[in-house]
Number of protein chains: 6
Amino acid sequence: MEMFNNYSFIGCDADYEKSDIVIFGAPYDGTSSFRPGSRFAASRIRIDSYGLETYSPYLDRDLLIKHVHDAGDLDFVFGNRDLVLSNIREFATKLIEENKKPLMIGGEHLVTLPVVEALNEKFEDLVILHFDAHTDLREDYMGEKLSHATVIKRVWEILGDNRIYQFGIRSGLKEEFKWAESGHTTLNKFGYEMLDQVINLIKHKPVYITIDLDILDPSIFPGTGTPEPGGISFTDMMTIIKKLSTLNIIGADVVELAPDYDSTGVSTAVASKIIREMLLIL
Amino acid sequence: MEMFNNYSFIGCDADYEKSDIVIFGAPYDGTSSFRPGSRFAASRIRIDSYGLETYSPYLDRDLLIKHVHDAGDLDFVFGNRDLVLSNIREFATKLIEENKKPLMIGGEHLVTLPVVEALNEKFEDLVILHFDAHTDLREDYMGEKLSHATVIKRVWEILGDNRIYQFGIRSGLKEEFKWAESGHTTLNKFGYEMLDQVINLIKHKPVYITIDLDILDPSIFPGTGTPEPGGISFTDMMTIIKKLSTLNIIGADVVELAPDYDSTGVSTAVASKIIREMLLIL
Amino acid sequence: MEMFNNYSFIGCDADYEKSDIVIFGAPYDGTSSFRPGSRFAASRIRIDSYGLETYSPYLDRDLLIKHVHDAGDLDFVFGNRDLVLSNIREFATKLIEENKKPLMIGGEHLVTLPVVEALNEKFEDLVILHFDAHTDLREDYMGEKLSHATVIKRVWEILGDNRIYQFGIRSGLKEEFKWAESGHTTLNKFGYEMLDQVINLIKHKPVYITIDLDILDPSIFPGTGTPEPGGISFTDMMTIIKKLSTLNIIGADVVELAPDYDSTGVSTAVASKIIREMLLIL
Amino acid sequence: MEMFNNYSFIGCDADYEKSDIVIFGAPYDGTSSFRPGSRFAASRIRIDSYGLETYSPYLDRDLLIKHVHDAGDLDFVFGNRDLVLSNIREFATKLIEENKKPLMIGGEHLVTLPVVEALNEKFEDLVILHFDAHTDLREDYMGEKLSHATVIKRVWEILGDNRIYQFGIRSGLKEEFKWAESGHTTLNKFGYEMLDQVINLIKHKPVYITIDLDILDPSIFPGTGTPEPGGISFTDMMTIIKKLSTLNIIGADVVELAPDYDSTGVSTAVASKIIREMLLIL
Amino acid sequence: MEMFNNYSFIGCDADYEKSDIVIFGAPYDGTSSFRPGSRFAASRIRIDSYGLETYSPYLDRDLLIKHVHDAGDLDFVFGNRDLVLSNIREFATKLIEENKKPLMIGGEHLVTLPVVEALNEKFEDLVILHFDAHTDLREDYMGEKLSHATVIKRVWEILGDNRIYQFGIRSGLKEEFKWAESGHTTLNKFGYEMLDQVINLIKHKPVYITIDLDILDPSIFPGTGTPEPGGISFTDMMTIIKKLSTLNIIGADVVELAPDYDSTGVSTAVASKIIREMLLIL
Amino acid sequence: MEMFNNYSFIGCDADYEKSDIVIFGAPYDGTSSFRPGSRFAASRIRIDSYGLETYSPYLDRDLLIKHVHDAGDLDFVFGNRDLVLSNIREFATKLIEENKKPLMIGGEHLVTLPVVEALNEKFEDLVILHFDAHTDLREDYMGEKLSHATVIKRVWEILGDNRIYQFGIRSGLKEEFKWAESGHTTLNKFGYEMLDQVINLIKHKPVYITIDLDILDPSIFPGTGTPEPGGISFTDMMTIIKKLSTLNIIGADVVELAPDYDSTGVSTAVASKIIREMLLIL
């Protein structure tokens, strides 16, 4: 007679002290302009992760031999964006100081900003790989500087030129594309043609990876705030992760699953498997 | 050959200048702690209102003889709660100054606060009738003073004791119930037993009516953030509105429809009909 | 080892020749102005009827002792309303000539018209009991005489005054209510207060019963084209059917289930149980 | 900065040793003949319980002052019914021996049987209150003795006549109703007219309460395997529980929520609130 | 403080007089034989178009520099197919006479016929590019000549051989394929291998483009009446539109979105983006 | 006037005696560990098959010239796994003895086992082609030998090494992959690279084909118990079936559609089309 009362992400039951990686949720979706609901991603992913195996045939690795702690979710108050951001920054800083690699489950994309801020304190030469359907490079969104639509522009303000590599981008204002192309970021339109080249270029640097899941085609990932047809396939994503496994990754996030918009559960299954793979290469 | 390109609420096509009543949307749901989505209420209600007749057999009145202008939605930026609230206050103030009665479609319940603030500038002795499943009387919600869960407490800070009448309440902290019962508000647990008495008491005063639609039983209104079984029926609501029609109503709001949580469309139909009836008694 | 390959309505497996009652589907929804889909009602009802028992504790009768034949669905071509109507009339006429009582599953409400035409050929003094949320008494609908919104007006043109009794009505144009109240039909607003009286009045006459399922409150019956809150309960419907069981019923129909709009399956379960009860009193 | 990583039922965080009541899940739905899915009830209820308050205005009691431990779910292997039943019996026996009252969340109704078997070992004069839409009194179901449709017949074989009180029953074979009425159980058709009388009769006996949630009308509880219209309301259920609070209740279960069939989440909210109330009267 | 009360397709707010292109809806689905609901396409597309950017990275063009007027929807009466068709023909004729290019949003595929009739009055040598999963070449459908399943056959009767080019076709009667292959139309089975060749052939002729969205694979476009697996991808569609941009396009339509069948909203997003691209090449 | 009362799979209306192929349903899902519901597959497929044409443009063959009998569904009692398996074995044995080829619609994958047992009695050298996302090679699942997760291991115990060819496999325990690779089965990871080679190898042997539909990518087939992203496309499946058409196929099954998890209906449409193609090559 066995009881089941564990709602950690599958295979992530190391104690905090013994862990190398800490997975946690940042269930904030307060600046979403179209369909909110990414706040529900982390708790849904944990439950559905029990439909996964811990073994990845893509990487031929097993999660059971990693030391990952699942810290649960940050407990936010909605409506106060700035307090949310400072909570995330504080928690990420603590993890970094204690030599844990963060794997954050969003929430919307704005949650990436405080983690980058925290990492930037410690790591010189920090490089960002940004996987997304959207440019996220607006100067402001209806007057607001802090928004899911501006987050990578804010990251650029911290890191400067030649530190941000964008993949899968297929939606944005004309100005955003032009600004990126003028040399501020390296932007791959639609796909990831330059990935091998980029990996070669940054292989000695600390790398943070932020995956906005809407980079995937909505055929396989409809459960997101702003679905954009024309995305990459799940198999592409597996190929990408395999390539990334050679890098010095110091943290990652996986954002923008809004599970209630996909009643089939497939989007959550996809997010869970991508998180498993990311944990395996961290 | 006729074209249809009118997305105003049915029967609300008076010009602004000639109107006595202005209906508008306040699509904000930024402090929702459970299920967001009331931002979509106003636009969905407008479209589905074309399934309604303009004639009410409950009141034996027809919307076609009223002068109502549909001003559309306030255009908010998500993530900045305070700016949203000041936008609403500004618009409500303008309407009041120009002698239009506001009928606001939420959004979450916090949007009521700025309208009350605006009305309180003009109307002494303002009285609030509050229909809701929840007390909304918390002093703060996880440290935040401005929240859907605190809104009536904030209204009380403006108006003081004996000015707020609550109906249908069936969920809250123990302290909230005790606080209300200690004389600050008049709270009807579960139903509306005291309604006749209250109407008699306030019949010479200016009255603002705020209807959180989750006062309804979720059998007939599942499409809301926090469904609370044990609510009143739609027929109860019609009875209530008929009774209210004798009052001096200076404005009203109808909040907390989250249409995506009810794929049958019934919640939107219910909200639309309640709005029609409210317009008929304004 | 048993095989299951019977998709008749549960308990309706008499041969045509030995049957007293014939149940059939009329899957037409071509004039629906809001949400179509009642074409799927009959096939869904047959399948879900296997979740029912054949025994009714309401009537203390069992379907197993009745002789009912399920003839399947009329096979319509969509887009040709007049041909559809003549197909129904022809089939109903055949049943009546061969002394079978028809129990038709709609489809939308317009399908009632040809059955009434067929019955009127044989039965003098035919009386109609009309259960519905809507008046269905428009002279025309956007210029069209034959529509779900005009069907009872067309029936009145056949039968004349004092032959139509309407129950549950809560939506319509002001003119429709006034026309009915001027003596053309007996209209019960909202409920069925006059039912006992009407039953007494018509007890020696041949009665046709047409049930538009949207008479029910959408809390229990959301799966319909135009849900109208404020309807009667399922228990009310059972009470009504029990009262009707003393009448000389010569046929009936049950219309306007649109099953795809209720993913819970409850609307189909409700329709199935009402059909079981109707078969038991035919 | 607070973390949230607690997925116990809200307010049930006592240690096992200090607890008087133990809540646990029995996620088995292997004999469901129509729509399976009650296996998902317990985990969904735990998560959605955070939409509840711990305070009940119905009972004016607060869960925070009770000592309840949430043991998680029994970890079943599907396909082996007999092993599942013996797992439940073993766990219930342990709880009873250690003087903990069990509150079990089903799963389908068959899970009640092993708990009754365990309780019957310790408590003479055990009495069962059975709330349900269905008789559950079949001798066998397609040849099988152990089924959701036979569970109360099996319970009767253990306890004998005059020990089982049934409420809300509105569906079953004619024989089941007749067998019950011949004196084996006390069966309330449709409602709970005899409840006061029964409570008076059994007030000195140990009582087990089994609530098949399909006793509720599907308007408020569509998320179940076999929805049966004509059920009791949520308010009725609250009235019943208040009456039951005077009894010597030694355990209870709440079964047959199939949450995936109600995408609005209302059924889960209803189940959660009923569990809160049951915990408050245990 | 800004108000939003514009429900035109995004970027289509030119006055009628100043416009070169007029977009309008033809919400008719009366001959759909399987799942109706394309009547809701145009209004849903307008609302969800606000999730789009006006800039296309595929074409590197921006909708803001085009002059497009959104005329709203033709206001149809359901049940009278022939009147619907003549309404469309009349409106299309007016547009053509006033030198506006029509971009029609269906509705089912039959709505294409009257537009072709209107264009054929003015343009000699009119050529049709037909993108679809289905042949639509039946002589009649259950006896009816005017049906979604016969529409291209009717178009052929107007234009004759060598004027119709079909792409993506993967479902139909054996006879339809054989008839097409015998030289009446140019039919590409499954894909669009001959597209370059066709474009070269017709580059000096006036071209009308009719896109039945079910040409897309249902993985990316499930929201349609008759989903047919094995379709082209969204990226294929973007490639096709880019190729078409060199042609002399005099009008286009986009038909058969049935949005209620895709609760994720992805189908509507796909349709909206295809319409944006079509407007950019008109 | 035609009636429709045929719920056989489209084009499968041969009498049993005259048929070469018998299609039947095995609606059992009792060992599903994650999401049940494949019990509903066969009845849903039959109804939706009327959205298909009988002609396949992939194979250029028409079902109308085949002699297929649809025997309906085996009538199971849930909860008794072993009885279910023996029912299937008995029915399959009867078909084989009477020289009918079985085409079974699952249910979950465990239903394959008794059919293989029955075929193995008659056919020496029986070879299995196994299309699936999952290895299904566990020795036991939580102690149980008979489970959807162990079914191919059980088949191997009957047939031995070099008789099982697995395609599309992308999920399983590390041990399962290693066991397969050690020579017990031929396992194609992710795709079907070795298919041509395998076909050549087994072309003179009797072949049974078991298709777990979750081999397909969940973008096109979300309606299954455990969706696994990274699967093959529908077009791949058509290519595979065309290749298989040269083999000596003595039976087949198509399992693991759980239609309620895909409200768009696409998964059912996909399953139906695959069954049509399989019937055409049997």
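Residues numbered from 1 in each chain as written. Chains lettered and ligands numbered in written order. Predicted model: local features only at pLDDT ≥ 70, side-chain atom pairs only at ≥ 80, totals over all residues. Heavy atoms only, no water.

Under an unreviewed UniProt entry, the name given to chain A is Agmatinase, and the source organism is Alkaliphilus flagellatus. Turning to chain A, the UniProt record has this under Sequence similarities (unreviewed entry): "Belongs to the arginase family. Agmatinase subfamily." (UniProt positions renumbered as here; feature names shortened; annotations may be inferred.)

S.K.: Just checking my understanding: could you explain the overall build of chain A for this structure?
M.R.: Looking only at helices and strands, chain A has 8 helices and 11 strands in total. Against the compact-globule benchmark of 19 Å for 282 residues, chain A has a radius of gyration of 17 Å, which places it among compact chains. Across its three principal directions, the C-alpha atoms of chain A cover 65 × 40 × 35 Å. Of all 282 residues assigned to chain A, the portion counted as buried reaches 70%. (Helix = DSSP H or I, 4+ residues; strand = E, 2+ residues; numbered from the N terminus. Rg over C-alpha atoms; globule rule 2.2 N^0.38 Å. Buried < 20%, exposed > 50% of the residue type's maximum accessible area, 1.4 Å probe, protein only.)

S.K.: I tried to follow the arrangement of the chains on my own but got confused; where do I start?
M.R.: Of all C-alpha pairs spanning chain A and chain C, none lies closer than 11 Å, and the two are not in contact. In this structure chain D stays clear of chain E, and the shortest span between their C-alpha atoms is 11 Å. (Contact = heavy atoms within 4.5 Å.)

S.K.: Where do I start with the interface of chain B and chain A in this structure?
M.R.: A common way to express how large an interface is: the accessible area buried when the components associate. If you look at the interface, chain B gives 25 residues, while chain A gives 25 residues. Interface area for chain B against chain A, summed over the two sides, is near 1800 Å², with a carbon-plus-sulfur share of 55%. Here chain B is connected to chain A by 0 salt bridges. Here chain B is connected to chain A by 10 residue pairs in polar contact (both at pLDDT 80 or more). Residue composition of the side of chain B that touches chain A, grouped by class: 11 nonpolar, 7 polar and 7 charged. (Buried area = accessible area lost by both parts, 1.4 Å probe. Salt bridge = Lys/Arg side-chain N within 4 Å of Asp/Glu carboxyl O. Polar contact = N/O pair within 3.5 Å; in protein donor to acceptor, adjacent residues only side chain to side chain. Nonpolar A, V, L, I, M, F, W, Y, C, P; charged D, E, K, R; others polar.)

S.K.: What is the right way to read the sheet that holds strand β1 (residues 3-4) of chain E from this model?
M.R.: A sheet is described by the order of its strands in space; here 9 strands give the open sequence β9(B)-β8(B)-β7(B)-β10(B)-β11(B)-β6(B)-β2(B)-β5(B)-β1(E), paired in mixed fashion. Each having just a single partner strand, β9 (186-189) of chain B together with β1 of chain E make up the two edges of the open sheet. Two strands pair when backbone bridges link them, and strand β6 (residues 101-106) of chain B and strand β11 (residues 248-255) of chain B are joined in this way by 3 bridges, in the parallel orientation. Counted as the bridge partner of I105 of chain B is V254 of chain B from β11 of chain B. (Pairing = 2+ DSSP bridges.)

S.K.: Looking at this structure, I do not really get the relation of the copies chain C and chain B. What am I missing?
M.R.: For the pair of chain copies, the relating transformation is a rotation about an axis with a translation along it. In the superposition of chain C on chain B (RMSD 0.0 Å, axial shift 0.0 Å), the rotation amounts to 120°. Both copies of the chain, as the preceding transformation shows, are related through a three-fold rotation axis. Closest approach to the rotation axis within chain C is made by the C-alpha atom of S219 of chain C, at a distance of 2.9 Å. Mapped onto chain B, only 8% of the interface residues of chain C again fall at the interface, so the copies present different surfaces. (Least-squares fit on C-alpha atoms with pLDDT ≥ 70 in both.)

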